[in-house]
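One letter stands for each residue in the lines below.
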Amino acid sequence: MRGLLIAGVVVAALTLQTTLAGLAFGGPAAPDLVLIVVVYVGLTRGPVTGVLAGSLAGLTQDALSGGVLGIGGLAKTVVGFLAGVLGTQFIMTAPLPRFVAFVGGTLVHALVFMGLYTLLDLRRFPAPYVDALGQAIGNGFVGVIGTLLIEWVPEFLRRRRTRRPVRR
């Protein structure tokens, strides 16, 4: 059941990434919502689930982008695994450690993704450091705000239900 939920969240992130994110944040430093989901799943569910979410998200994104199939999948799989290991070894519930995890995950993703494309001589990146750092900081802020909302809204709704007076 959790696998279907994670697959649904990955599909929702892919949908938002391809439709709404291009309108709201243009340019090469736009937040990668799919990567944010992979890091969050890795942090909260562990390395195995992080690997599965990363490979599913990366391969699906590769298939939709028309690029080389597998490079994005490998990059997101590595990030999902590392986020899962980080989440099991350290307490990652405060905003600052999560921000560092999202920024670090984005930088590792950029290193693997751009490194493989450059190593295989398939593509050149004109300003990789500036773009990667901009996207990393954006992913950090969007990831922290998103995770706070994900954890705050159910608690708010639960409290609201328990405070309602019973009508007879």
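Cut-offs applied
Residues numbered from 1 in each chain as written. Predicted model: local features only at pLDDT ≥ 70, side-chain atom pairs only at ≥ 80, totals over all residues. Heavy atoms only, no water. Helix = DSSP H or I, 4+ residues; strand = E, 2+ residues; numbered from the N terminus. Rg over C-alpha atoms; globule rule 2.2 N^0.38 Å. Buried < 20%, exposed > 50% of the residue type's maximum accessible area, 1.4 Å probe, protein only. Contact = heavy atoms within 4.5 Å. Areas by Shrake-Rupley, 256 points an atom, 1.4 Å probe, with all protein chains shown as cover. Axes fitted to C-alpha atoms, helices over the stretch in contact; angles between N-to-C directions. Left-handed = near helix turned anticlockwise from the far one by under 90°. Nonpolar A, V, L, I, M, F, W, Y, C, P; charged D, E, K, R; others polar. Patch = residues over 30% accessible without salt bridge, like charges linked within 9 Å, V, L, I, M, F, W, Y side chains within 5 Å. Salt bridge = Lys/Arg side-chain N within 4 Å of Asp/Glu carboxyl O. Expected span 1.5 Å × (residues − 1). Phe/Tyr/Trp six-rings, centres within 6.5 Å; stacked < 30°, edge-to-face > 60°. Lys NZ or Arg CZ within 6 Å of the ring centre and 35° of its normal.

**What to know about the overall build of the protein**
Step number 1: Looking only at helices and strands, one finds six helices and zero strands in the protein.
Step number 2: Along its sequence from the N terminus, the protein presents helices and strands in the succession α-α-α-α-α-α.
Step number 3: Against the 2.2 N^0.38 benchmark of 15 Å for 168 residues, the protein shows a C-alpha radius of gyration of 17 Å, consistent with a compact globule.
Step number 4: Each of the three principal axes of the protein carries a C-alpha extent, and together these read 70 × 35 × 30 Å.
Step number 5: Across the 168 residues that make up the protein, the buried fraction comes to 36%.
Step number 6: Relative to all contacts within the protein whose residues are 6 or more apart in sequence, the contacts with residues 24 or more apart total 69%.
Step number 7: Carbon and sulfur atoms make up 71% of the accessible area of the protein, which totals about 10200 Å².

**What to know about the packing of helix α2 (residues 33-45) against helix α4 (residues 71-89)**
Step number 1: Contact geometry for α2 and α4: axes closest at 7 Å, N-to-C directions at 35°. Once α2 is placed against α4, the crossing between them reads as right-handed. Contact residues: Val34, Leu35, Val38, Val39, Gly42 and Leu43 in α2; Lys76, Val79, Gly80, Ala83, Gly84, Leu86 and Gly87 in α4.
Step number 2: Looking at the contact of α2 with α4, its residues break down into eight nonpolar, four polar and one charged.

**Comments concerning unusual backbone geometry**
Step number 1: Of note, the phi angle at Asp121 is positive, near 55°, even though the residue is not glycine.
Step number 2: For Asp121, the location among the structural elements is in the loop between α5 (95-119) and α6 (128-163).
Step number 3: Of the residues examined, Asp121 reaches a relative accessible area of 53% and is grouped as exposed.

**Looking at a nonpolar patch on the surface**
Step number 1: A cluster of nonpolar residues, Leu107, Leu133, Ile137, Phe141, Ile145, Leu149, Trp152, Val153, Phe156 and Leu157, forms a patch on the protein surface that exposes about 920 Å² of accessible area.
Step number 2: Looking at the nonpolar patch, the element that brings in the most residues is α6, giving nine residues.
Step number 3: Tracing the backbone through its elements, the reader meets Ile145 in helix α6.

**What to know about α2**
Step number 1: Over its 13 residues, α2 runs 18 Å from end to end, which matches the ideal 18 Å to within 8%, given 1.5 Å per residue.
Step number 2: With ten of 13 residues buried, α2 is to be regarded as a mostly interior element.
Step number 3: Following α2 by one or two positions, Gly46 adopts a phi angle in the positive range, close to 105°.

**Observations concerning the packing of aromatic side chains**
Step number 1: A complete count under the given rule lists four aromatic pairs for this structure.
Step number 2: Pairing Phe99 with Phe141 gives two aromatic rings, centres 5.1 Å apart and planes at 50°, and the pair type is tilted. Linking Phe99 in helix α5 with Phe141 in helix α6, this pair joins segments that are 42 residues apart in sequence.
Step number 3: Taking relative accessible area as the criterion, Phe99 reaches 22% and is therefore assigned partly exposed.
Step number 4: Here a set of aromatic residues connected by ring pairs shows up, and it is made of Phe113, Tyr117 and Phe125.
Step number 5: Sitting over the ring of Tyr117, Arg123 keeps its end group 5.8 Å from the ring centre.

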